[in-house]
Amino acid sequence: MLYLVASCIALLFGPLCYRFFSQGSGLQKALDGFIFVSLGGLVLIHIMPELLEHGGWLTLVFVALGLWGPTASERVFHQYSHVTHNITLALGIGGLLLHTITDGSAMVLAQQDNYSIMLAIGVILHRLPVGLAIWWLLKPQVGSKWASLVIAAMMLLTAVGYFGSEQVLDQLSLENTALLQAFVTGSILHVVLHQPHVEHDQQQTDKYQYHAGVGSLLGLGLLALMLHFDAGCSANGDVHDHSHHHGHDHAQGFEQLLDWLLLVAPYLVLAYLGAALRFKFDLKPDSHHLFAQWLQRLIGPEALIISLMLLGPVYGVIHLLVALALSLLLSKQVIAVTDPHSQLPSNSWQFGFSHIVDRSAPWVIFSLVVAHVIGHPSMPFANPYIQLAILFAVFLPLRFCNLGAAILAVALALSGWSAAAVVFVLIAAPLINLAQFKLMSALQIAMSIACIMVAVAAINAIGLPQASQYSLPSWLNGISLAIIALLFSASLLRVGPRKFLARLMLSRPHAHHH
């Protein structure tokens with residue numbers, strides 16, 4: 001019973017924190033950064049892996065519908081955008097309410113002798129951002145009364161989960177509701193990403209990016225705590241069937257991502273050093289030679305360091321040769337490079353360890369998460385042709401940088417994807433996107449894709465050896481990961497979490513003015 005009371009009290013911290021943080025613009029930005037990261041991470045780390053496990057690949061379709069469906073509806077039926085947004089918000093809140101029932105069931109298990117206290121602490125910790133998010137989303141739009149009613153409903157449903165029968169919990173199991181919860185999960189992400197009630201004054205936004213960065217780092221800290229307690233639950237065998245909190249699944253996913261980060265970290269540091277050196281020797285993004293611009297866009301050459309060291313010399317040589325051929329082809333046709341670098345620094349170290357970090361850090365994180373999702377054992381993507389089709393669909397609406405492409409290729413190779421898919425990622429991800437295609441004619445697009453597919457088909461026919469990595473001492477991996485964490489944290493503080501992730505989007509997220 002004590003755990004149930006504690007989990008309900010955790011929800012009440014939301015209104016208290018909101019009242020404190022809403023007193024100044026800087027504190028509001030910190031609150032926005034905290035919720036943006038903690039709630040988004042909660043959805044991706046705690047909910048998505050289980051939805052994939054129980055719903056399979058269709059889960060991704062329903063998450064995408066929940067995430068992008070409201071935006072499409074608002075653009076098509078602009079006069080009803082207010083209604084669309086409110087429905088999306090209601091779905092997101094409904095999903096969080098549904099989730100609280102399983103929180104209650106987890107509290108029952110936490111009281112049993114064969115379960116550790118870590119299960120209860122993990123649930124209570126993740127209630128903190130949920131309560132805060134409820135108030136952050138509802139208070140500015142519908143007032144304190146409705147926000148309070150939702151908080152009260154969450155407490156009531158937690159009690160239902162705590163005192164409820166096995167039959168009720170069975171009806172709400174993931175096996176029965178996976179696709180519904182996937183759609184609702186997408187709706188939650190939509191509401192969080194589109195910052196529904198914050199005024200988009202660019203001058204004010206830029207002024208308080210540091211505060212937003214601090215809030216996002218605190219959100220990351222909370223996520224790390226939750227993952228720590230999930231790992232503790234897994235170690236103590238606290239795995240159960242009726243709750244979302246499958247400690248084993250979460251810990252396993254986190255351990256895989258951590259292993260990948262430890263593996264790539266030394267070479268990322270080396271890649272940023274390579275970027276600084278090429279800037280020093282006058283190989284810059286604002287070069288007057290279009291061939292040099294395209295070569296930098298496709299391969300860096302910092303991305304070549306990743307492919308050589310983490311995939312092997314054969315992959316590195318292929319990466320270089322195809323990038324040279326594509327750069328020659330595209331420059332001969334006088335095709336401009338999309339997403340040009342703006343406000344280049346004058347210092348080479350600042351270019352490599354600040355400018356390039358700002359541009360690539362979101363892609364590194366995104367690539368590891370994408371590989372973790374589409375490389376999930378429940379995804380039926382073993383066929384190389386299906387892999388290429390999935391990758392093409394992923395690349396088209398995005399604007400991958402070369403470092404992000406190289407990291408994605410490495411992660412997919414580690415997930416057991418085909419050599420053809422790995423090479424396709426290396427050479428196609430920085431080129432294939434709608435923004436770049438708008439600067440090209442249909443014939444130029446066809447020629448570029450044909451060039452890429454000929455190279456991939458040749459590789460598929462010949463066959464390549466399995467990707468190989470150079471193993472480094474564990475202490476060096478640890479130090480390198482600490483350096484990368486500091487560089488990425490500094491980037492978050494410089495630009496704030498929303499601008500940090502805006503690099504991933506083909507078109508910048510629009511504000512909702514309702």
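From a predicted model like this one, the values you see are computed outputs, not experimental measurements. (Residues numbered from 1 in each chain as written. Predicted model: local features only at pLDDT ≥ 70, side-chain atom pairs only at ≥ 80, totals over all residues. Heavy atoms only, no water.)

Considering the overall build of the chain
Thinking step 1. Within the chain, the secondary structure is distributed over 21 helices and zero strands.
Thinking step 2. Counting every position in the chain, which comprises 514 residues, the buried fraction comes to 53%.
Thinking step 3. Looking at the chain alone, contacts between residues at least 24 apart form 83% of all its contacts between residues at least 6 apart. (Helix = DSSP H or I, 4+ residues; strand = E, 2+ residues; numbered from the N terminus. Buried < 20%, exposed > 50% of the residue type's maximum accessible area, 1.4 Å probe, protein only. Contact = heavy atoms within 4.5 Å.)

Focus: the nonpolar core
Thinking step 1. Counting residues in hydrophobic clusters, the biggest one holds 85 residues, and the most contacted among them are Tyr272, Ile306 and Phe395.
Thinking step 2. Ranked by the residues each element gives to this core, the list is headed by helix H11 (residues 247-280), at eleven residues.
Thinking step 3. If we skip the residues at most four places from it in the chain, Phe395 touches Phe400, Leu408, Phe424, Val425, Ala428, Ala429, Ile432 and Asn433.
Thinking step 4. Counting 27 residues, the second-largest nonpolar core is a separate cluster that includes Phe36, Leu89, Ala147 and Leu223. (Core = buried A, V, L, I, M, F, W, Y, C linked by side-chain atoms within 4.5 Å.)

With respect to a nonpolar patch on the surface
Thinking step 1. There is a patch of nonpolar side chains on the surface, built from Phe291, Val317, Leu320, Leu321, Leu324 and Leu328 and spanning about 480 Å² of accessible area.
Thinking step 2. The dominant element in the nonpolar patch, judged by the number of residues it contributes, is helix H14 (residues 313-332), at five residues.
Thinking step 3. Mapped onto the secondary structure, Phe291 falls in helix H12 (residues 290-298). (Patch = residues over 30% accessible without salt bridge, like charges linked within 9 Å, V, L, I, M, F, W, Y side chains within 5 Å. Areas by Shrake-Rupley, 256 points an atom, 1.4 Å probe, with all protein chains shown as cover. Salt bridge = Lys/Arg side-chain N within 4 Å of Asp/Glu carboxyl O.)

Topic: helix H13 (residues 302-310)
Thinking step 1. All buried positions along H13 are accounted for by Glu302, Ala303, Leu304, Ile306, Ser307 and Leu310.
Thinking step 2. Just downstream of H13, Gly312 is the residue with a positive phi angle, here 115 degrees.

What about the packing of H12 against H14?
Helix-helix packing is characterised by the crossing angle of the two axes and by the distance between the axes.
Thinking step 1. One way to put it is that H12 packs onto H14 with a least axis distance of 8 Å and a crossing angle of 140 degrees. Here H12 lies oblique to H14, going by the angle between them. Crossing of H12 over H14 shows right-handed handedness. Each of Leu290, Phe291, Trp294, Leu295 and Leu298 in H12 lies in contact with H14, whose residues at this interface are His319, Ala323, Leu324, Leu326, Ser327, Leu328, Leu330 and Ser331.
Thinking step 2. Taken together, the residues of the contact of H12 with H14 break down into ten nonpolar, three polar and no charged. (Axes fitted to C-alpha atoms, helices over the stretch in contact; angles between N-to-C directions. Parallel < 35°, antiparallel > 145°, perpendicular 65-115°, else oblique. Left-handed = near helix turned anticlockwise from the far one by under 90°. Nonpolar A, V, L, I, M, F, W, Y, C, P; charged D, E, K, R; others polar.)

Here we look at helix H6 (residues 144-163)
Thinking step 1. Here H6 is 20 residues long and its end C-alpha atoms lie 28 Å apart, about the 28 Å a rise of 1.5 Å per residue gives.
Thinking step 2. Listing the buried residues of H6 in full gives Ala147, Val150, Ile151, Met154, Thr158, Gly161 and Tyr162. Down the axis of H6, the sector holding all buried residues measures 125 degrees, keeping them to one side. Summarising the geometry of H6, the exposed residues directed more than 90 degrees from the buried face are Lys145, Trp146, Leu156 and Phe163. (Expected span 1.5 Å × (residues − 1). Arc of directions from axis to C-beta.)

A short note on the environment of Lys280
Thinking step 1. By secondary structure assignment, the location of Lys280 is in helix H11.
Thinking step 2. Looking at Lys280, the relative accessible area reads 59%, which means it is exposed.
Thinking step 3. Note: C-alpha distance between Lys280 and Gly352 (72 residues apart in sequence) is 9.7 Å.

Section: the pattern of salt bridges
Thinking step 1. Counted according to the given criterion, the structure contains three salt bridges.
Thinking step 2. Salt-bridge contacts for Lys284 lead to Asp282; the nearest nitrogen and oxygen are separated by 3.6 Å.
Thinking step 3. The class of Asp282 is exposed, set by a relative accessible area of 57%.
Thinking step 4. For Arg494, the salt bridge identified is with Asp358, shortest N-O distance 2.7 Å. Of this pair, Arg494 sits in helix H21 (residues 474-502) while Asp358 sits in helix H15 (residues 348-374); the two residues are 136 residues apart in sequence, bridging distant segments of the chain.

Here's the deal with unusual backbone geometry
Thinking step 1. Geometrically, the link from Gly300 to Pro301 is a cis peptide bond, its omega value of 20 degrees lying close to zero.
Thinking step 2. Inspection of the secondary structure assignment puts Pro301 in the loop between H12 and H13.
Thinking step 3. In this model, Asp282 sits at a positive phi of 70 degrees, which is unusual for a non-glycine residue.
Thinking step 4. Mapped onto the fold, Asp282 is located in the loop between H11 and H12.
Thinking step 5. Despite not being glycine, Val334 has its phi angle at roughly 55 degrees, a positive value.

Examining the packing of aromatic side chains
Thinking step 1. Here the structure, examined in full by the defined rule, presents eight aromatic pairs.
Thinking step 2. Three or more aromatic residues link up through ring pairs in this structure, and these residues are Trp363, Phe366, Phe395, Phe400 and Phe424.
Thinking step 3. In this structure, Lys284 is placed above the aromatic ring of Phe279, and the distance from its NZ or CZ to the ring centre is 4.6 Å. (Phe/Tyr/Trp six-rings, centres within 6.5 Å; stacked < 30°, edge-to-face > 60°. Lys NZ or Arg CZ within 6 Å of the ring centre and 35° of its normal.)

So, the side chain of Ser491
Thinking step 1. Within the secondary structure layout, Ser491 lies in helix H21.
Thinking step 2. Filtering out sequence-adjacent residues up to four positions away, Ser491 remains in contact with Val357, Asp358, Gly496 and Phe500.

Focus on the confidence of the model for the chain
Thinking step 1. Here the chain averages 77 in pLDDT, while 73% of its residues score no lower than 70.
Thinking step 2. Mean pLDDT per element in the chain: helix H9 (residues 202-207) is the minimum at 53, and helix H17 (residues 402-414) is the maximum at 94.
Thinking step 3. Taken together, the stretch residues 199-203 has pLDDT below 50 and engages in three contacts with residues farther than four places along the chain or on a different chain.
Thinking step 4. Counting contacts from residues 507-514, a segment whose pLDDT is below 50, to residues more than four positions away or on other chains yields 17 contacts. (pLDDT = per-residue confidence, 0-100.)

Focus: the environment of Ser327
Thinking step 1. Along the chain, Ser327 turns up in helix H14.
Thinking step 2. Through-space distance from the C-alpha of Ser327 to that of Trp294 is 5.1 Å; in sequence the pair is 33 residues apart.
Thinking step 3. Leaving out residues up to four positions away in the same chain, Ser327 has contacts with Phe291, Trp294, Leu295 and Leu298.
Thinking step 4. Polar contacts involving the side chain of Ser327 include one to the main-chain carbonyl oxygen of Ala323, which spans 2.7 Å. (Polar contact = N/O pair within 3.5 Å; in protein donor to acceptor, adjacent residues only side chain to side chain.)

Observations regarding the packing of H13 against H14
Thinking step 1. Their axes nearest at 6 Å, the elements H13 and H14 cross at an angle of 150 degrees. Regarding the angle of H13 to H14, the classification is roughly antiparallel. Residues Ala303, Leu304, Ser307 and Leu308 of H13 lie in contact with H14, whose contacting residues are Pro313, Tyr315, Gly316, Val317, His319 and Leu320.
Thinking step 2. Among the residues forming the contact of H13 with H14, the class breakdown is seven nonpolar, three polar and no charged.

Thoughts on the environment of Ser415
Thinking step 1. Counting through the fold element by element, Ser415 comes out in the loop between H17 and helix H18 (419-428).
Thinking step 2. When the C-alpha atoms of Ser415 and Ile374 are compared, they prove to be 9.2 Å apart, with 41 residues separating the residues in sequence.
Thinking step 3. Discounting chain neighbours no more than four positions away, the residues touching Ser415 are Trp260, Ala371 and Gly375.
Thinking step 4. Within the structure, the side chain of Ser415 is placed 2.9 Å from the backbone oxygen of Ala411, a separation counted as a polar contact.

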